[in-house]
Amino acid sequence: MAWSATATLDEPDGARDLDDGDAGLDDGEPIDGGPTERVHAGSVFDGLIVTASAITLGVIMTATFLMFLLIEPSPRWVVLFGSAISVPALAGILQGARREAFEEGGLDVTPSLLLPALAALVTPVFIEHNVTGYWTVAAGLGAGAGYTALLVAVVSSVREHDRGRAVGRFIAAAATYFVAFAVFSMLYRLDVERQPATLAAGLAAALLAVELLRQGEIDPVETFVLAIVVGVLVAQVRWTMHYLPVDGYAAGPSLLLAFYFGAGVLHAQVTDELSRRVVLEYGLVSGAGLAFVIVASASGLG
(Lines give C-alpha, C1' and ligand atoms only; values in the text may rest on other atoms or scores of the structure.)
Protein backbone atom coordinates (compact mmCIF):
# COMPACT_ATOMS: atom_id res chain seq x y z
CA MET A 1 0.00 0.00 0.00
CA ALA A 2 1.27 3.50 -0.75
CA TRP A 3 0.24 6.84 0.63
CA SER A 4 1.14 10.45 -0.06
CA ALA A 5 -0.25 13.61 1.53
CA THR A 6 -2.80 15.51 -0.51
CA ALA A 7 -2.84 19.22 -1.19
CA THR A 8 -5.28 21.46 0.67
CA LEU A 9 -4.50 24.69 -1.21
CA ASP A 10 -6.99 25.92 -3.78
CA GLU A 11 -5.85 25.75 -7.39
CA PRO A 12 -7.28 27.37 -10.50
CA ASP A 13 -9.74 25.24 -12.40
CA GLY A 14 -7.93 22.93 -14.77
CA ALA A 15 -4.51 23.52 -13.21
CA ARG A 16 -4.40 20.21 -11.45
CA ASP A 17 -5.71 18.39 -14.47
CA LEU A 18 -2.98 19.93 -16.57
CA ASP A 19 -0.28 18.95 -14.10
CA ASP A 20 -1.63 15.46 -13.78
CA GLY A 21 -1.73 15.13 -17.52
CA ASP A 22 1.96 16.01 -17.70
CA ALA A 23 2.72 13.32 -15.18
CA GLY A 24 0.68 10.72 -17.00
CA LEU A 25 -1.47 10.11 -13.90
CA ASP A 26 -4.75 11.63 -12.82
CA ASP A 27 -5.08 12.66 -9.18
CA GLY A 28 -5.99 9.52 -7.32
CA GLU A 29 -5.51 7.25 -10.33
CA PRO A 30 -4.23 3.82 -9.28
CA ILE A 31 -0.67 2.94 -10.17
CA ASP A 32 -0.34 -0.27 -12.15
CA GLY A 33 1.16 -1.95 -9.08
CA GLY A 34 -2.28 -2.39 -7.51
CA PRO A 35 -5.65 -0.81 -6.86
CA THR A 36 -4.67 0.54 -3.45
CA GLU A 37 -1.49 2.29 -4.59
CA ARG A 38 -2.27 5.87 -5.55
CA VAL A 39 -0.42 9.08 -6.30
CA HIS A 40 -2.05 12.31 -5.13
CA ALA A 41 -1.29 15.97 -5.64
CA GLY A 42 1.60 17.24 -3.56
CA SER A 43 1.62 18.95 -0.18
CA VAL A 44 4.51 20.32 1.85
CA PHE A 45 6.20 17.01 1.04
CA ASP A 46 5.43 17.57 -2.63
CA GLY A 47 4.06 14.16 -3.44
CA LEU A 48 6.45 11.83 -1.60
CA ILE A 49 5.24 8.26 -1.96
CA VAL A 50 5.39 6.21 1.25
CA THR A 51 4.83 2.48 0.74
CA ALA A 52 4.30 -0.14 3.40
CA SER A 53 7.06 -2.26 1.87
CA ALA A 54 9.54 0.64 2.08
CA ILE A 55 8.71 1.17 5.74
CA THR A 56 9.12 -2.55 6.40
CA LEU A 57 12.53 -2.59 4.75
CA GLY A 58 13.49 0.49 6.76
CA VAL A 59 12.55 -1.27 10.00
CA ILE A 60 14.56 -4.35 9.02
CA MET A 61 17.60 -2.23 8.19
CA THR A 62 17.26 -0.33 11.48
CA ALA A 63 17.32 -3.69 13.28
CA THR A 64 20.50 -4.70 11.42
CA PHE A 65 22.15 -1.38 12.31
CA LEU A 66 21.35 -1.87 16.00
CA MET A 67 22.49 -5.49 15.94
CA PHE A 68 25.83 -4.45 14.49
CA LEU A 69 26.30 -1.55 16.92
CA LEU A 70 25.15 -3.20 20.15
CA ILE A 71 26.61 -6.71 19.87
CA GLU A 72 30.22 -7.11 20.98
CA PRO A 73 32.34 -7.94 19.11
CA SER A 74 30.57 -6.33 16.19
CA PRO A 75 29.31 -9.02 13.79
CA ARG A 76 30.66 -7.90 10.42
CA TRP A 77 28.40 -10.31 8.58
CA VAL A 78 25.35 -8.34 9.74
CA VAL A 79 26.42 -5.26 7.76
CA LEU A 80 27.20 -7.34 4.69
CA PHE A 81 23.88 -9.16 5.03
CA GLY A 82 21.93 -5.93 5.39
CA SER A 83 23.58 -4.36 2.36
CA ALA A 84 23.04 -7.52 0.31
CA ILE A 85 19.33 -7.86 1.06
CA SER A 86 18.69 -4.18 0.46
CA VAL A 87 19.40 -4.56 -3.26
CA PRO A 88 16.77 -7.15 -4.26
CA ALA A 89 14.34 -5.81 -1.66
CA LEU A 90 14.47 -2.26 -3.00
CA ALA A 91 14.31 -3.53 -6.57
CA GLY A 92 11.08 -5.33 -5.71
CA ILE A 93 9.69 -2.24 -3.98
CA LEU A 94 10.43 -0.03 -6.96
CA GLN A 95 9.06 -2.44 -9.54
CA GLY A 96 5.93 -2.94 -7.47
CA ALA A 97 5.18 0.67 -6.55
CA ARG A 98 6.37 2.25 -9.81
CA ARG A 99 5.60 -0.48 -12.30
CA GLU A 100 4.45 1.99 -14.92
CA ALA A 101 7.92 3.54 -14.99
CA PHE A 102 10.12 0.45 -14.92
CA GLU A 103 8.08 -2.01 -16.95
CA GLU A 104 6.01 0.13 -19.28
CA GLY A 105 8.36 3.12 -19.35
CA GLY A 106 11.44 0.99 -19.87
CA LEU A 107 13.56 2.59 -17.12
CA ASP A 108 16.43 0.62 -15.61
CA VAL A 109 16.14 -0.02 -11.87
CA THR A 110 19.88 -0.58 -11.30
CA PRO A 111 21.03 3.06 -10.86
CA SER A 112 18.45 3.53 -8.09
CA LEU A 113 19.86 0.67 -6.00
CA LEU A 114 23.49 1.72 -5.56
CA LEU A 115 23.18 4.54 -3.01
CA PRO A 116 20.92 2.62 -0.56
CA ALA A 117 23.22 -0.40 -0.74
CA LEU A 118 26.31 1.70 0.03
CA ALA A 119 24.47 3.58 2.77
CA ALA A 120 23.52 0.28 4.43
CA LEU A 121 27.13 -0.89 4.23
CA VAL A 122 28.95 2.24 5.37
CA THR A 123 26.65 4.01 7.86
CA PRO A 124 26.84 1.51 10.76
CA VAL A 125 30.63 1.23 10.42
CA PHE A 126 30.95 5.01 10.51
CA ILE A 127 28.77 5.19 13.62
CA GLU A 128 30.77 2.43 15.31
CA HIS A 129 33.99 4.44 15.02
CA ASN A 130 32.52 7.77 16.08
CA VAL A 131 29.77 7.18 18.66
CA THR A 132 30.09 5.51 22.05
CA GLY A 133 27.93 4.73 25.05
CA TYR A 134 24.18 5.19 25.09
CA TRP A 135 24.42 7.56 22.14
CA THR A 136 25.02 4.51 20.00
CA VAL A 137 21.37 3.49 20.31
CA ALA A 138 20.19 6.96 19.30
CA ALA A 139 22.63 7.01 16.40
CA GLY A 140 21.43 3.60 15.22
CA LEU A 141 17.79 4.65 15.37
CA GLY A 142 18.61 7.90 13.59
CA ALA A 143 20.50 6.01 10.89
CA GLY A 144 17.50 3.72 10.43
CA ALA A 145 15.15 6.69 10.12
CA GLY A 146 17.48 8.31 7.63
CA TYR A 147 17.70 5.12 5.61
CA THR A 148 13.90 4.87 5.53
CA ALA A 149 13.68 8.47 4.34
CA LEU A 150 16.17 7.60 1.60
CA LEU A 151 13.98 4.68 0.48
CA VAL A 152 10.96 6.98 0.28
CA ALA A 153 13.02 9.51 -1.67
CA VAL A 154 14.17 6.91 -4.18
CA VAL A 155 10.64 5.58 -4.73
CA SER A 156 9.25 9.09 -5.10
CA SER A 157 11.78 10.41 -7.65
CA VAL A 158 11.91 7.79 -10.37
CA ARG A 159 10.76 9.94 -13.29
CA GLU A 160 11.58 13.50 -14.28
CA HIS A 161 7.99 14.72 -13.82
CA ASP A 162 7.25 12.94 -10.50
CA ARG A 163 5.67 15.26 -7.96
CA GLY A 164 8.08 14.15 -5.28
CA ARG A 165 11.20 14.38 -7.41
CA ALA A 166 12.51 17.71 -6.10
CA VAL A 167 12.29 16.69 -2.43
CA GLY A 168 13.36 13.13 -3.18
CA ARG A 169 16.43 14.21 -5.13
CA PHE A 170 17.41 16.62 -2.36
CA ILE A 171 17.26 13.84 0.24
CA ALA A 172 19.19 11.49 -2.04
CA ALA A 173 21.87 14.11 -2.75
CA ALA A 174 22.34 14.80 0.96
CA ALA A 175 22.66 11.07 1.63
CA THR A 176 25.14 10.74 -1.24
CA TYR A 177 27.51 13.35 0.16
CA PHE A 178 27.23 11.91 3.67
CA VAL A 179 28.07 8.40 2.48
CA ALA A 180 30.93 9.77 0.36
CA PHE A 181 32.40 11.59 3.37
CA ALA A 182 32.03 8.48 5.52
CA VAL A 183 33.81 6.28 2.97
CA PHE A 184 36.63 8.72 2.28
CA SER A 185 37.35 9.46 5.95
CA MET A 186 37.09 5.83 7.08
CA LEU A 187 39.73 4.81 4.54
CA TYR A 188 42.13 6.95 6.59
CA ARG A 189 40.82 6.00 10.02
CA LEU A 190 41.17 2.30 9.22
CA ASP A 191 44.73 2.82 7.92
CA VAL A 192 44.01 1.21 4.58
CA GLU A 193 47.13 0.91 2.41
CA ARG A 194 47.59 3.46 -0.36
CA GLN A 195 46.78 1.28 -3.38
CA PRO A 196 43.64 -0.44 -2.02
CA ALA A 197 42.52 2.87 -0.50
CA THR A 198 42.89 4.58 -3.87
CA LEU A 199 40.90 1.85 -5.60
CA ALA A 200 38.22 1.89 -2.89
CA ALA A 201 37.88 5.69 -3.02
CA GLY A 202 37.57 5.66 -6.79
CA LEU A 203 35.06 2.80 -6.83
CA ALA A 204 32.91 4.38 -4.11
CA ALA A 205 32.99 7.75 -5.87
CA ALA A 206 31.93 6.16 -9.17
CA LEU A 207 29.02 4.27 -7.61
CA LEU A 208 27.82 7.31 -5.67
CA ALA A 209 28.15 9.57 -8.69
CA VAL A 210 25.58 7.42 -10.46
CA GLU A 211 22.97 8.72 -8.01
CA LEU A 212 23.84 12.35 -8.71
CA LEU A 213 24.12 11.93 -12.47
CA ARG A 214 21.16 9.71 -13.24
CA GLN A 215 18.43 11.41 -15.22
CA GLY A 216 15.28 9.82 -16.57
CA GLU A 217 16.06 10.74 -20.18
CA ILE A 218 19.74 9.73 -20.08
CA ASP A 219 21.00 6.32 -21.20
CA PRO A 220 22.14 4.34 -18.10
CA VAL A 221 25.32 3.34 -19.95
CA GLU A 222 26.20 7.01 -20.42
CA THR A 223 25.49 7.62 -16.74
CA PHE A 224 27.88 4.87 -15.69
CA VAL A 225 30.59 6.14 -18.06
CA LEU A 226 30.36 9.64 -16.60
CA ALA A 227 30.37 8.17 -13.08
CA ILE A 228 33.59 6.31 -13.88
CA VAL A 229 35.17 9.64 -14.85
CA VAL A 230 34.28 10.99 -11.38
CA GLY A 231 35.74 7.85 -9.80
CA VAL A 232 39.02 8.24 -11.69
CA LEU A 233 39.27 11.88 -10.61
CA VAL A 234 38.72 11.04 -6.93
CA ALA A 235 41.19 8.13 -7.14
CA GLN A 236 43.85 10.44 -8.56
CA VAL A 237 43.26 12.95 -5.77
CA ARG A 238 43.43 10.16 -3.17
CA TRP A 239 46.74 8.99 -4.58
CA THR A 240 48.15 12.53 -4.58
CA MET A 241 47.03 13.20 -1.01
CA HIS A 242 49.34 10.43 0.18
CA TYR A 243 52.14 12.98 -0.28
CA LEU A 244 50.30 15.83 1.45
CA PRO A 245 50.13 16.59 5.20
CA VAL A 246 46.44 15.67 5.40
CA ASP A 247 45.08 12.68 7.30
CA GLY A 248 42.06 11.34 9.15
CA TYR A 249 38.83 13.31 9.06
CA ALA A 250 40.58 16.27 7.46
CA ALA A 251 41.15 14.11 4.39
CA GLY A 252 37.46 13.25 4.11
CA PRO A 253 36.38 16.81 3.11
CA SER A 254 39.33 17.01 0.70
CA LEU A 255 38.18 13.99 -1.29
CA LEU A 256 34.58 15.14 -0.90
CA LEU A 257 35.48 18.42 -2.59
CA ALA A 258 37.03 16.54 -5.51
CA PHE A 259 33.88 14.43 -5.72
CA TYR A 260 31.74 17.56 -5.56
CA PHE A 261 33.66 19.19 -8.41
CA GLY A 262 33.63 16.17 -10.71
CA ALA A 263 30.00 15.22 -10.12
CA GLY A 264 28.83 18.85 -10.27
CA VAL A 265 30.50 19.65 -13.58
CA LEU A 266 29.35 16.42 -15.22
CA HIS A 267 25.82 16.91 -13.90
CA ALA A 268 25.80 20.31 -15.57
CA GLN A 269 26.89 18.57 -18.77
CA VAL A 270 24.07 16.04 -18.48
CA THR A 271 21.46 18.76 -17.94
CA ASP A 272 22.85 20.97 -20.74
CA GLU A 273 23.82 23.70 -18.28
CA LEU A 274 27.59 23.42 -18.62
CA SER A 275 29.43 26.69 -19.20
CA ARG A 276 32.72 28.30 -18.30
CA ARG A 277 31.01 30.09 -15.45
CA VAL A 278 29.71 26.81 -14.00
CA VAL A 279 33.15 25.19 -14.20
CA LEU A 280 34.72 28.28 -12.63
CA GLU A 281 32.23 28.30 -9.76
CA TYR A 282 32.74 24.63 -8.96
CA GLY A 283 36.51 25.04 -9.34
CA LEU A 284 36.70 28.03 -7.01
CA VAL A 285 34.60 26.41 -4.30
CA SER A 286 36.50 23.12 -4.48
CA GLY A 287 39.93 24.77 -4.72
CA ALA A 288 39.30 27.15 -1.84
CA GLY A 289 37.98 24.35 0.35
CA LEU A 290 40.91 22.07 -0.46
CA ALA A 291 43.44 24.82 0.20
CA PHE A 292 41.80 25.58 3.56
CA VAL A 293 41.91 21.92 4.60
CA ILE A 294 45.57 21.54 3.63
CA VAL A 295 46.65 24.75 5.39
CA ALA A 296 44.63 23.89 8.50
CA SER A 297 46.11 20.39 8.67
CA ALA A 298 49.67 21.59 8.07
CA SER A 299 49.32 24.19 10.84
CA GLY A 300 47.96 21.62 13.27
CA LEU A 301 44.43 23.01 13.33
CA GLY A 302 42.81 20.07 11.53
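Residues numbered from 1 in each chain as written. Predicted model: local features only at pLDDT ≥ 70, side-chain atom pairs only at ≥ 80, totals over all residues. Heavy atoms only, no water.

Caption draft 1: Local environment of the overall build of the protein chain. Along its length, the protein chain carries 11 helices and two strands. In sequence order, the protein chain lays out its α and β elements as β-α-β-α-α-α-α-α-α-α-α-α-α. Considering the protein chain as a whole, with its 302 residues, one finds that 47% of them fall into the buried category. Relative to all contacts within the protein chain whose residues are 6 or more apart in sequence, the contacts with residues 24 or more apart total 75%. (Helix = DSSP H or I, 4+ residues; strand = E, 2+ residues; numbered from the N terminus. Buried < 20%, exposed > 50% of the residue type's maximum accessible area, 1.4 Å probe, protein only. Contact = heavy atoms within 4.5 Å.)

Caption draft 2: Molecular detail of the environment of leucine 150. As for its position among the elements, leucine 150 is in helix H6 (residues 135-156). For the pair leucine 150 and leucine 115, spaced 35 residues apart in sequence, the C-alpha to C-alpha distance is 8.9 Å. Each residue touching leucine 150, except ones within four places of it in the same chain, is listed here: Leu115, Pro116, Ala119, Ile171, Ala172 and Ala175.

Caption draft 3: Fine view of the packing of aromatic side chains. In total, this model carries eight aromatic pairs according to the counting rule given. Judged by centre distance (5.6 Å) and plane angle (85°), the rings of phenylalanine 126 and phenylalanine 178 are edge-to-face. Taken as a pair, phenylalanine 126 in helix H5 (residues 114-128) and phenylalanine 178 in helix H7 (residues 165-189) lie far apart in primary sequence, 52 residues in all. On the basis of relative accessibility, which here comes to 14%, the residue phenylalanine 126 falls in the buried class. (Phe/Tyr/Trp six-rings, centres within 6.5 Å; stacked < 30°, edge-to-face > 60°.)

Caption draft 4: Main features of the nonpolar core. Residues Leu90, Leu94, Val179, Phe184, Val234 and Phe259 are the most contacted members of the largest nonpolar core, which totals 66 residues. Dropping the residues within four chain positions of it, valine 234 is found in contact with Phe184, Ala201, Ala205, Leu255, Ala258 and Phe259. (Core = buried A, V, L, I, M, F, W, Y, C linked by side-chain atoms within 4.5 Å.)

Caption draft 5: View of the packing of helix H2 (residues 52-70) against H5. The geometry of H2 relative to H5 is characterised by a closest axis approach of 10 Å and an angle of 35° between their N-to-C directions. The chirality of how H2 crosses H5 is right-handed. Contacts between H2 and H5 involve Met61, Phe65, Phe68 and Leu69 from the first element and Ala120, Pro124, Val125, Ile127 and Glu128 from the second. The residue inventory of the contact of H2 with H5, partitioned by class, reads eight nonpolar, no polar and one charged. (Axes fitted to C-alpha atoms, helices over the stretch in contact; angles between N-to-C directions. Left-handed = near helix turned anticlockwise from the far one by under 90°. Nonpolar A, V, L, I, M, F, W, Y, C, P; charged D, E, K, R; others polar.)

Caption draft 6: Just unusual backbone geometry, in detail. Between glutamate 72 and proline 73 the backbone carries a cis peptide bond, its omega angle lying at -10°. Assignment of secondary structure puts proline 73 in the loop between H2 and helix H3 (76-97). Of note in this structure, aspartate 191 is not a glycine but carries a positive phi near 55°. Relative to the assigned elements, aspartate 191 resides in the loop between H7 and helix H8 (194-213). A positive phi angle, near 60°, is found at aspartate 272, a position not held by glycine. With respect to the helices and strands, aspartate 272 occurs in the loop between helix H10 (251-270) and helix H11 (276-298).

Caption draft 7: The arrangement of a nonpolar patch on the surface in detail. A cluster of nonpolar side chains, Met67, Ile71, Trp77 and Phe81, forms an exposed patch at the surface whose accessible area comes to about 410 Å². Within the secondary structure, phenylalanine 81 is located in helix H3. By relative accessible area, which is 43% here, phenylalanine 81 ends up partly exposed. (Patch = residues over 30% accessible without salt bridge, like charges linked within 9 Å, V, L, I, M, F, W, Y side chains within 5 Å. Areas by Shrake-Rupley, 256 points an atom, 1.4 Å probe, with all protein chains shown as cover. Salt bridge = Lys/Arg side-chain N within 4 Å of Asp/Glu carboxyl O.)

Caption draft 8: How the structure looks around the confidence of the model for the protein chain. For the protein chain, per-residue confidence averages 80 on the pLDDT scale, and residues scoring 70 or more make up 79% of the total. Considering only residues more than four positions removed or in separate chains, one finds that residues 3-44, a stretch of pLDDT under 50, has 73 contacts. (pLDDT = per-residue confidence, 0-100.)

Caption draft 9: How the structure looks around the side chain of threonine 123. With respect to the helices, strands and loops of the structure, threonine 123 is situated in helix H5. According to the relative accessible area criterion, threonine 123 is buried, its value standing at 9%. In this structure the side chain of threonine 123 is engaged in a polar contact, spanning 2.7 Å, whose partner is the backbone oxygen of alanine 119. Leaving out residues up to four positions away in the same chain, threonine 123 has contacts with Ala143 and Phe178. (Polar contact = N/O pair within 3.5 Å; in protein donor to acceptor, adjacent residues only side chain to side chain.)

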